[in-house]
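# Commentary on secondary and tertiary structure
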Amino acid sequence: MTTSDGLPPADPAGSHHPPFSICLGLFFLLLCINALLARFAVISFAVGPGISSFYIVVALMVVFTLWFGMWGATAAYAGCFIGAGLLSGIPADVNLFWSLADFWQVLIPLVAFRYLQADPALASRRDLAIVLVFGVLLNNLSGALWGSVTLVLGGVIPWSSAGSAFSAWWLGNSVVCLILVPAILYIFTPIVRTHELFVNAYWH
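None of these values were measured; they are calculated from a predicted model.

### A look at the side chain of S148
Take S148: it is sitting in helix α6 (residues 125-153). You can call S148 buried: its relative accessible area is 3%. A polar contact is formed between the side chain of S148 and the backbone oxygen of A144, at a distance of 2.7 Å. In terms of polar contacts, S148 uses its side chain to reach the backbone carbonyl oxygen of L145, at 3.3 Å. If we skip the residues at most four places from it in the chain, S148 touches I157, A162, A165, F166 and W169.

Written as C-alpha cells, this is what we have:
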C-alpha cells in the first residue's frame, strides 16, 4: 500500500511493535539507571533506611513510564528494590512490598495520562495541570504514605519516625518532580515519541 505520491504510509509513533528483545533491553537499561541513581540518592541524602531527601531518580522514573508505559513502571519497581532497598539493607520480605511505593509513584501518572488522554509533551495547560496533580502531588503522596507505613509495619523504623519519614519523602520527591518532570517532558517528548519504543498505551 502506498500514498498518492508513491511513498509508504507513515507509521504512527508507538503503533509499530519493536522486537521483544529490544523491549527487554530497554527494561534492563532503565532498571540500571534507576538502581544506580536510587543508590546514589539514599547514600548521599539519607534521612532513613532507603529514604532520601533528594531522590532525583523519581523524576526520571515518572518520565520513563510516561514514555515507555509499563516497561518504565516495572523498571521503577525493580530499580527501587535493588538500589534503594536491597543495597540499603532493607529485609527482602519488607522490600518486596516497600518497593511498590515507587511503582505507585509512576503508575498513578501513567493511568491518569492514558485515561484523561493527556499529551506527555504538555501541549496545553490541561496537560500541565494533569502532570502537576498526578505526576507531582498525588503520586508522591501515595508513595510516601505507602513507603513510610510499610517500613513501620516491617519493623524497620518505629512509629515515632513515621511522620518525619513521610514528610521527607513526600516533600523531597514533590520538589524534584516539580522542577524536572514538566521540563523533561516538554523538551524531550517530541523527540522520544518518534522512536518505535515509545508506548502510546501501557504496552506495545
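### Remarks on the packing of helix α2 (residues 57-68) against helix α7 (residues 162-192)
Between α2 and α7, the shortest axis-to-axis distance is 8 Å and the interhelical angle comes to 35°. At the point where α2 passes α7, the crossing takes the right-handed sense. Counting all contacts with α2, which are made through V58, A59, L60, V62, V63, L66, W67 and F68, the residues of α7 involved are N173, V176, C177, L180, V181, I184, L185, F188, T189 and V192. For the contact of α2 with α7, a count of residues per class yields 16 nonpolar, 2 polar and no charged.

### Re the side chain of Q105
Mapped onto the elements, Q105 comes out in helix α5 (residues 100-115). For Q105, a relative accessible area of 0% gives the class buried. When sequence neighbours within four positions are dropped, the list of residues in contact with Q105 reads V58, V62, N139, N140, G143, A144, W169 and N173.

### Looking at the packing of aromatic side chains
Within a pair of aromatic rings, the relevant descriptors are the distance that separates the centres and the angle that separates the planes. Under the criterion given, the structure shown has 11 aromatic pairs. For the pair W71 and W203, a centre-to-centre distance of 5.2 Å together with 85° between the ring planes defines the contact as edge-to-face. Of this pair, W71 sits in helix α3 (residues 70-85) while W203 sits in the segment after α7, placing them 132 residues apart in sequence. According to the relative accessible area criterion, W71 is buried, its value standing at 10%. A relative accessible area of 46% means that W203 is categorised as partly exposed. Members of the aromatic cluster, connected to one another through ring pairs, are F20, W71 and W203.

### Things to note about the state of the cysteines
Under the counting rule described, the total for this entry stands at 0 disulfides. With no disulfide of its own, C177 lies 13 Å from the sulfur of C80, the closest cysteine sulfur.

### Quick look at the environment of G155
Note that G155 resides in the loop between α6 and α7. A sequence separation of 61 residues divides G155 from V94, and the C-alpha atoms of the two residues are 8.7 Å apart.

### As for α2
Taking 1.5 Å as the rise per residue, α2 with 12 residues should run 16 Å; its terminal C-alpha atoms sit 16 Å apart, in good agreement. The element α2 is largely enclosed, with a buried count of 11 among its 12 residues. Those residues of α2 that sit buried are V57, V58, A59, M61, V62, V63, F64, T65, L66, W67 and F68. Elements that come into contact with the buried residues of α2 comprise α1 (20-44), α3, α5, α6 and α7. Of the residues flanking the end of α2, it is G69, one or two places downstream, whose phi is positive at about 60°.

### Let's talk about unusual backbone geometry
Even without glycine at this site, Q117 takes up a positive phi of about 55°. Mapped onto the elements, Q117 comes out in the loop between α5 and α6. Residue class for Q117 comes out exposed when judged on its relative accessible area of 69%. For L122, which is not glycine, the phi torsion reads 55° and is therefore positive. Looking at the element boundaries, L122 is found in the loop between α5 and α6. Residue classification places L122 among the buried positions, given a relative accessible area of 8%.

The rules behind each value
- Residues numbered from 1 in each chain as written.
- Predicted model: local features only at pLDDT ≥ 70, side-chain atom pairs only at ≥ 80, totals over all residues.
- Heavy atoms only, no water.
- Helix = DSSP H or I, 4+ residues; strand = E, 2+ residues; numbered from the N terminus.
- Buried < 20%, exposed > 50% of the residue type's maximum accessible area, 1.4 Å probe, protein only.
- Polar contact = N/O pair within 3.5 Å; in protein donor to acceptor, adjacent residues only side chain to side chain.
- Contact = heavy atoms within 4.5 Å.
- Axes fitted to C-alpha atoms, helices over the stretch in contact; angles between N-to-C directions.
- Left-handed = near helix turned anticlockwise from the far one by under 90°.
- Nonpolar A, V, L, I, M, F, W, Y, C, P; charged D, E, K, R; others polar.
- Phe/Tyr/Trp six-rings, centres within 6.5 Å; stacked < 30°, edge-to-face > 60°.
- Disulfide = S-S within 2.5 Å.
- Expected span 1.5 Å × (residues − 1).

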